[in-house]
Amino acid sequence: MIKKTLIAGGIAALALVASQAFAGECSDDQQSAAGMLAAGIGKDAVSKVVAVTGKQMVNIENCEFAGGKYNVDFKYNFLAADGLYWVEISAKFDQSGGGATAKVTKSSPNMAAAEAKAGVKLAAN
């Protein structure tokens, strides 16, 4: 009986550890932290084409957290000298924003025009 209890307890512990290794939806605190980091990642990405000169806003579409890393899909809205721009970005980064990889998946029409003018392609529209 004790042997069966220990085995069942061991299986339950392994299941708990294994479930933590898989991505899970971000908590409210994690989503807030991810949003702050995403703003910096978004700004870095678009600054290759347009200088961010005003307010920024991040809308998180999807946020997953696993193994100390975020996987976030978000829309980055920002003001530049000549108007409002936006891009949709899929990014992966750690809790400090380090090791970031970002892929722009969609751009506003004026951002696409700025990309063409600068000769830089951030996204496939």
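Residues numbered from 1 in each chain as written. Predicted model: local features only at pLDDT ≥ 70, side-chain atom pairs only at ≥ 80, totals over all residues. Heavy atoms only, no water.

1. Quick notes on helix H2 (residues 28–46)
Inference 1: Taking 1.5 Å per residue as the helical rise, H2 with its 19 residues ought to reach 27 Å, and the 26 Å between its terminal C-alpha atoms agrees with that figure.
Inference 2: Listed as buried for H2 are Ala34, Gly35, Ala38, Ala39, Ile41, Gly42, Ala45 and Val46.
Inference 3: Where the residues of H2 are buried, they touch strand E2 (56–66), strand E3 (69–80), strand E4 (83–94), strand E5 (101–107) and helix H3 (109–118). (Helix = DSSP H or I, 4+ residues; strand = E, 2+ residues; numbered from the N terminus. Expected span 1.5 Å × (residues − 1). Buried < 20%, exposed > 50% of the residue type's maximum accessible area, 1.4 Å probe, protein only. Contact = heavy atoms within 4.5 Å.)

2. What about the pairing of E2?
Inference 1: Across 2 bridges, strand E1 (residues 24–25) lies against E2 in antiparallel orientation. Residue Gly24 lies in a different strand from E2, and its bridge partner there is Phe65.
Inference 2: Two successive antiparallel strands, E2 and E3, enclose a turn made up of 2 residues, where Gly67 displays a positive phi of approximately 55°. (Pairing = 2+ DSSP bridges.)

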